[in-house]
Amino acid sequence: MPTVSVGRDRLFKALGRTYTQEEFEVLCFEFGIELDDVTTEKAIIRKEKHLKDDASEDDEEVIYKIEVAANRYDLLCLEGIARALRIFMGKETTPVFTIADIAAKSMHKMYVKPETAQIRPFVVCAVLRGVTFDEARYNSFIDLQDKLHQNICRKRTLVAIGTHDLDTLEGPFSYEALPPTDISFVPLKQDKSFRADELMEFYKGDMKLKKFLHIIENSSVYPVIYDSKRTVLSLPPIINGAHSAITLETKNVFIECTATDLTKANIVLNTMVTMFSEYCEKKFDVEPVEVFYPDGNTMICPDLSVTKMEVPIKEITGPIGISLDETQVVPLLNKMQLQSEKVFTDGETRILISVPPTRSDILHARDVVEDVAIAYGYNNIPKTKPKCHTTGGRQPLNRFSDKIRAEVARAGYMEVLTWILGSKEENFKKINRSDDEKKAVIIGNPRTAEFEVVRTSLLTGLLKTLKHNKDHPRPIKIFEVGDVVTLDEIRDVGAANNRRLGVLYCSGSSGFEEILGLAERILKVVKKPHIQVETKLELSHEPEFFLDRQRSIMFGGKCIGKLGVIHPVVSWEGFDISDPCSFLEINIEALL
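What you see is a predicted model; the values in this text were computed from it and never measured. (Residues numbered from 1 in each chain as written. Predicted model: local features only at pLDDT ≥ 70, side-chain atom pairs only at ≥ 80, totals over all residues. Heavy atoms only, no water.)

## Side note on helix 2 (residues 21-31)
Part 1 of the argument: Restricting attention to buried positions, one finds in helix 2 the residues Phe24, Leu27, Cys28 and Phe31. With its buried residues spanning 100° around the axis, helix 2 presents them on a single face. In helix 2, those exposed residues whose orientation departs by more than 90 degrees from the buried face are Glu22 and Phe29.
Part 2 of the argument: Of the residues one or two after helix 2, glycine 32 is the one with positive phi, at around 95°. (Buried < 20%, exposed > 50% of the residue type's maximum accessible area, 1.4 Å probe, protein only. Helix = DSSP H or I, 4+ residues; strand = E, 2+ residues; numbered from the N terminus. Arc of directions from axis to C-beta.)

## What about the UniProt feature "domain: B5" (unreviewed entry) in the protein?
Part 1 of the argument: This chain's UniProt record puts "domain: B5" (unreviewed entry) on residues 304-383.
Part 2 of the argument: Annotated as 38% helix and 26% strand, the span residues 304-383 places its first and last C-alpha atoms 40 Å apart. (UniProt positions renumbered as here; feature names shortened; annotations may be inferred.)

## Description of the packing of aromatic side chains
Part 1 of the argument: A full pass over the atoms with the stated rule returns 17 aromatic pairs.
Part 2 of the argument: Here the aromatic rings of tyrosine 19 and phenylalanine 24 are separated by 6.2 Å at their centres, their planes lie at 65°, and the arrangement is edge-to-face. Pair check on accessibility: tyrosine 19 and phenylalanine 24 agree, each one buried.
Part 3 of the argument: Aromatic ring contacts, followed pair by pair, group Phe133, Tyr138, Phe141, Phe276 and Tyr279 into a single cluster.
Part 4 of the argument: The ring of phenylalanine 88 carries the charged tip of lysine 335 above its face, separated from the ring centre by 4.5 Å.
Part 5 of the argument: A cation sits over an aromatic face here: lysine 430 above phenylalanine 575, 5.7 Å from the ring centre. (Phe/Tyr/Trp six-rings, centres within 6.5 Å; stacked < 30°, edge-to-face > 60°. Lys NZ or Arg CZ within 6 Å of the ring centre and 35° of its normal.)

## Details of the environment of leucine 338
Part 1 of the argument: Relative to the elements of secondary structure, leucine 338 occurs in the loop between helix 9 (326-335) and strand 18 (339-345).
Part 2 of the argument: Setting aside anything within four residues of it in sequence, one finds leucine 338 in contact with Thr94, Leu333, Ile353, Ser354, Val355, Pro356, Arg359, Ile362 and Asp371. (Contact = heavy atoms within 4.5 Å.)

## Section: the sheet that holds strand 2 (residues 34-39)
Part 1 of the argument: A sheet is described by the order of its strands in space; here three strands give the open sequence 1-3-2, paired in antiparallel fashion. Where the open sheet ends on each side, the last strands, each with one partner, are strand 1 (3-7) and strand 2. Across the sheet, the axes of successive neighbouring strands diverge by a mean angle of 25°, strand direction being ignored.
Part 2 of the argument: Judged from the five bridges that link them, strand 1 and strand 3 (residues 63-67) form a sheet pairing that is antiparallel. Bridging across to strand 3, serine 5 finds its partner in lysine 65.
Part 3 of the argument: Across the sheet, helix 1 (residues 8-15) touches strand 1 and strand 3, and the angle it forms with strand 1 is around 80°. (Pairing = 2+ DSSP bridges. Axes fitted to C-alpha atoms, helices over the stretch in contact; angles between N-to-C directions.)

So this is what it looks like as structure tokens:
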């Protein structure tokens, strides 16, 4: 859940009254957010104000850290939180956002070149006219961009926001994709010009920006935005140009959002302009920009239109468990920025809801139900007993897994629990397997090299356990019942879990007959006595085993597992285990 840091005094001023901490916590709870922490953030405030370390503590402001829902992008800044709370308390109504009525020839234009399709194909833009910034508003403006970049923009991979002083630029603008050697400009907070490829090397030492370099650095072309004089506005998603940097004196702000996802780009742009258009000379009025795409399509953005939604009254009150009529539901929705009215359609009473551009989280009638429940108050919903009696139970696979655990434990094996994540080297190279990149699920942004892939076999975890316990008396008999994950195009998530049993035997001899006997025992106890299922062992060719000391386990005509003596290339060279080992792995789900 995102946490937004806001100045307490400025927030209370925006709300029109001063609260005690307890009173504000109650207000947050009623609205569905939470006051997470109260601090001063001395170092951060001083850095923002460019004060020396010995600055007086009298100017340090109390900071409220407020936790908000991840899909409420309109609450990621003080302006959005204050506005939502004022509307919730009935101090104002939901604002009406308008698009400035200007002639087509006076409208700023953005031309998208075909090459951008190779890297970031979409761009949306808008202009805020007559903005009045002070230091607090400016910092909030920058902080909202950072919050959006971390949240809906997915660390700039989906959307990157650029904000510019329009008075330093001259339209029309062009969005292009060029070889990095053809792009040169002075980046933000720098004094000299860099070529784009030089800039990528330069920012590899920057703690903040180096996290975004991978998005474009391997591309043959880099996205770039120019004005009519070929002044670089930005090199998205990395850095803006210094020429058009906004300051406290900026009056007209040009906002551009480049993206790989047009829907999210529109949400991000709408959030930026709806939050800060209240500081424009004409409040809540946004100047549009016309975008021309290479396929001939044009769009005028931002789209601040209101979405209409009709929901039957019973679909709103029924899931909550309260009895309210339309005259009671409409004010509750109005408190949540959803302007509503009663209508009569198809013989039933419905609520016609106008969803403003700030509420991109309202996608379905169930979202409306949630807002009504919040406005009504969760503590005010009466407690009731369920109308039907249900008995919870465990999943069949989990019950079956426990029976398998008990059977293996009775055979003298000790259960272990190992990590489901591991390194690529352990999952492939150390067990003598090649990585064809078609089997394992790779972690996109691993914290360490030890957790960069989801395991595809239980063998690695058991061998690592044995490695760290190889001083124990022989034989060492361990097992694990757990999931492995493999890529699967048929599944909607692109991967599938599979419950398996892994058994490892280590002693002065390989113990092949030990795990073979265990496999036969398991297959025997899971068979239904009145159903004949053919069980046999077939020669296999798994690289982690000796060639002539391994078998595939066939059950009902299907291969459900493997067993064999582990090759020294795996046990000795991979895991520093000198004694011979045997391994058994069975697909439990196939037995179930």
